[in-house]
Amino acid sequence: MDGAGRVYFHTLGCQMNEVDTGKMRARLTAQGWVTTDDPGLADLVLVNTCSVREKAVDKMRSVLGSYRMARRFGQRVTIGVAGCVAQERGAELLERYPEVDLVFGPDGVNRVDELVARAQRGERVMDTTFLDLDGYPFSDEIDPATTGVAGFVTIQKGCDNKCTFCIVPATRGAEASRPADAIVAEVAALVARGIKDVTLLGQNVNSYGLKRVGEKTFAELLRAVHEVPGLEVLRYTTSHPRDMGPDVVQCYADLPKLASHLHLPVQSGSNRVLKRMKRYYTREHFLDVVAQLRKARPDLVLSTDIIVGFPGETDEDFEQTMSLLDDAGFVTSFSFKYNPRPGTPALKLKDEVDPAVASARLTRWQDAQRERSLQFHRSLEGSVVRALVEGASRHDEGVVAGRTSAFTMVNFPGSPELAGSFVDVRVTRGFTHSCRGELVGA
Ligand code: SAH
Ligand code: SF4
Ligand code: F3S
């Protein structure tokens, strides 16, 4: 079995993996491969993996299990493991899973066609080498499966920070910035395909360009992308609070397409914990950045990431995190119990938090967060918001879903043909995760 056939992609983890899968799809499609949504029909299964928390790795184990069984029961399928777990545990995966033919990390995405061809010739392939940062070969290809109104564009690879809990620098390697003109060109190409809402992606976007001589800074990049005709909403993720400088803050005053929503992961509200996490900012600095941002954009909606139960976190430390919920006014958050990751510096910290205590803290944060989300969505009741219609609601017939610039989801009765247009919606009811409304005009 050599040459192109049907490929099935299984993507776990973050947006970055989603984009990498799209790049692999583009590459393989160009070689004649056809995407299938039935793994039972696939000649090639590629699992793009995540290792940020052990739960994500467990997920990989379970999905891999089902594809391995298929192979045992006679399906002639090439099985590849890509992404962050592949990078981190390459050899171990090949050893443990005899049915896996191919293992490669995030830097192998651009060579997926070559790697697959080798595996099809019977070689067990492992490629986890990090490529040279100088002239790093960012893929410019567009995912042929691009649909809808929202799209993602990679602006940076890797991460040079050393947050002590985090495995990402080990799985994605050192940081490199993609040339600004390639980014602008990809945004324009997405817009030509009907995308109106674009998110620029990197692990630490604020340090974009700083390590590449002659490249734009992140603020300059935002301004350049903002000029792309037909682009309506510009977002980015992820931002590091330490590196959020006045030039980016100024963009919130100057650039109307820049979304009124910012995801700014704080991780903890305690300076003692932040220090042990090596985040290199304080609670006070974080709140100061938030205040500046709100001055530039008064209606800014903030979301964040929180880790509870980091080693040594006391009740008092945790109370500092709890009080930040109100002090910073997070409308939503992703919150996690600290999970020790292989090879990370935090493994050396021996003052672990009792798992039951960590669970109780997580529940407390999440309950309070839900209440805040609900309050925010209720505060919108009676007002008229502008939303980009994404398409039919997944839950209710005759209802469509739209997103505001602040990333609020509004559901309202309407035709799916509205997808891709901006509408004004009067909010009639706020819930925890979304609002309900009625159309007032297109
Ligand atoms: N580059 C991004 C996020 C990367 S990982 C940033 O700097 O924010 C996404 C989120 O997963 C992190 O913000 C953190 O909250 C969480 N996370 C990362 N490592 C973790 C660990 N070991 N245990 C629990 N949560 C973790
Ligand atoms: Fe991990 Fe920190 Fe880099 Fe984010 S900034 S990817 S949390 S090391
Ligand atoms: Fe993303 Fe998971 Fe890798 S969060 S960067 S796929 S470890």
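Please refer to the structure placed before this passage.
Worth saying up front: this structure is predicted, and the values here are computed from it rather than measured.

Chemist: Which residues make up helix α1 (residues 15-30), and what are the values?
Modeler: Between its first and last C-alpha atoms α1 spans 23 Å; for 16 residues at 1.5 Å apiece the expected length is 22 Å, and the two agree. For α1, the complete set of buried residues consists of M16, N17, V19, D20, T21, G22, K23, M24, R25, A26 and L28. Among the residues trailing α1, G32 stands out with phi positive, at a value near 100°.

Chemist: Go over unusual backbone geometry, please, and point to the residues and values.
Modeler: A cis amide bond links T237 with the next residue in sequence, T238, at an omega value of 5°. For T238, the position within the fold is in the loop between β11 (233-237) and α8 (246-254). Positive phi is not limited to glycine here, since Q267 has a value of about 75°. Structurally, the position occupied by Q267 is in the loop between β12 (261-263) and α9 (271-276). You can call Q267 buried: its relative accessible area is 7%. Within the chain, F407 stands out as a residue other than glycine whose phi angle is a positive 70°. Within the secondary structure layout, F407 lies in the loop between β16 (399-404) and β17 (409-413). Overall, F407 belongs to the partly exposed group, its relative accessible area being 39%.

Chemist: Tell me about the environment of E352, residues and numbers included.
Modeler: Positionally, E352 belongs in the loop between β14 (330-337) and α12 (355-379). The exposure class of E352 is exposed, given its relative accessible area of 63%.

Chemist: Would you mind going over the side chain of R68 in detail, with residue names and values included?
Modeler: Relative to the elements of secondary structure, R68 occurs in helix α2 (residues 54-72). Relative accessible area serves as the criterion here: at 16%, R68 is assigned to the buried category.

Chemist: Now, about the site of ligand 1: what can you tell me, with residues and values included?
Modeler: Taken together, 15 residues sit near ligand 1, with F165, Q203, Q267, D305 and N339 positioned nearest. One nitrogen or oxygen atom from the side chain of Q203 is found 2.7 Å from a nitrogen atom belonging to ligand 1. Within the contact set of ligand 1, an oxygen atom lies 2.6 Å away from a side-chain nitrogen or oxygen of D305. Expressed as a share of its isolated accessible area of 540 Å², the protein-covered part of ligand 1 is 89%. Partitioning the shell around ligand 1 into residue classes produces six nonpolar, four polar and five charged.

Chemist: Pulling in residues and values, what's your account of the nonpolar core?
Modeler: Counting 50 residues, the largest nonpolar core has V187, L200, F218, L222 and Y236 as its most contacted members. Once residues lying within four places of it in the same chain are set aside, the contact partners of F218 are I155, L200, V205, N206, Y208, Y236 and V248. By size, the runner-up hydrophobic cluster in this structure holds 20 residues, among which are V45, M60, V63 and L93.

Chemist: Describe in detail the sheet that holds strand β7 (residues 150-154), supporting the description with residues and values.
Modeler: Spatial strand order, β7-β10-β11: three strands in an open sheet with parallel pairing. Each having just a single partner strand, β7 and β11 make up the two edges of the open sheet. Mean inter-strand twist for the sheet, computed between neighbouring axes without regard to direction, equals 25°. As paired strands, strand β10 (residues 197-201) and β11 are joined by five bridges and run parallel to one another. From the neighbouring strand, D197 faces β11, where its bridge partner is V233. Strand contacts of helix α6 (residues 180-192): β7 and β10, with the helix running at about 160° to β7, the strand carrying the most contacts.

Chemist: I'd love a proper account of the packing of aromatic side chains, names of residues and values included.
Modeler: The geometry of an aromatic ring pair is captured by the separation of the ring centres together with the interplanar angle, meaning the angle of the planes. Counted by the stated rule, this structure contains seven aromatic pairs. Between F310 and Y338, the aromatic rings sit 5.2 Å apart at their centres with planes inclined by 75°, giving edge-to-face as the arrangement. Of this pair, F310 sits in the loop between β13 (301-308) and α11 (315-329) while Y338 sits in the loop between β14 and α12, placing them 28 residues apart in sequence. The aromatic ring of F336 is capped on one face by R53, whose charged end is 3.6 Å from the ring centroid. One Lys or Arg, R403, reaches over the ring of F407 and ends 3.9 Å from the middle of that ring.

Calculation notes
- Residues numbered from 1 in each chain as written.
- Chains lettered and ligands numbered in written order.
- Predicted model: local features only at pLDDT ≥ 70, side-chain atom pairs only at ≥ 80, totals over all residues.
- Heavy atoms only, no water.
- Helix = DSSP H or I, 4+ residues; strand = E, 2+ residues; numbered from the N terminus.
- Expected span 1.5 Å × (residues − 1).
- Buried < 20%, exposed > 50% of the residue type's maximum accessible area, 1.4 Å probe, protein only.
- Near = heavy atom within 4 Å.
- Polar contact = N/O pair within 3.5 Å; in protein donor to acceptor, adjacent residues only side chain to side chain.
- Areas by Shrake-Rupley, 256 points an atom, 1.4 Å probe, with all protein chains shown as cover.
- Nonpolar A, V, L, I, M, F, W, Y, C, P; charged D, E, K, R; others polar.
- Core = buried A, V, L, I, M, F, W, Y, C linked by side-chain atoms within 4.5 Å.
- Contact = heavy atoms within 4.5 Å.
- Pairing = 2+ DSSP bridges.
- Axes fitted to C-alpha atoms, helices over the stretch in contact; angles between N-to-C directions.
- Phe/Tyr/Trp six-rings, centres within 6.5 Å; stacked < 30°, edge-to-face > 60°.
- Lys NZ or Arg CZ within 6 Å of the ring centre and 35° of its normal.

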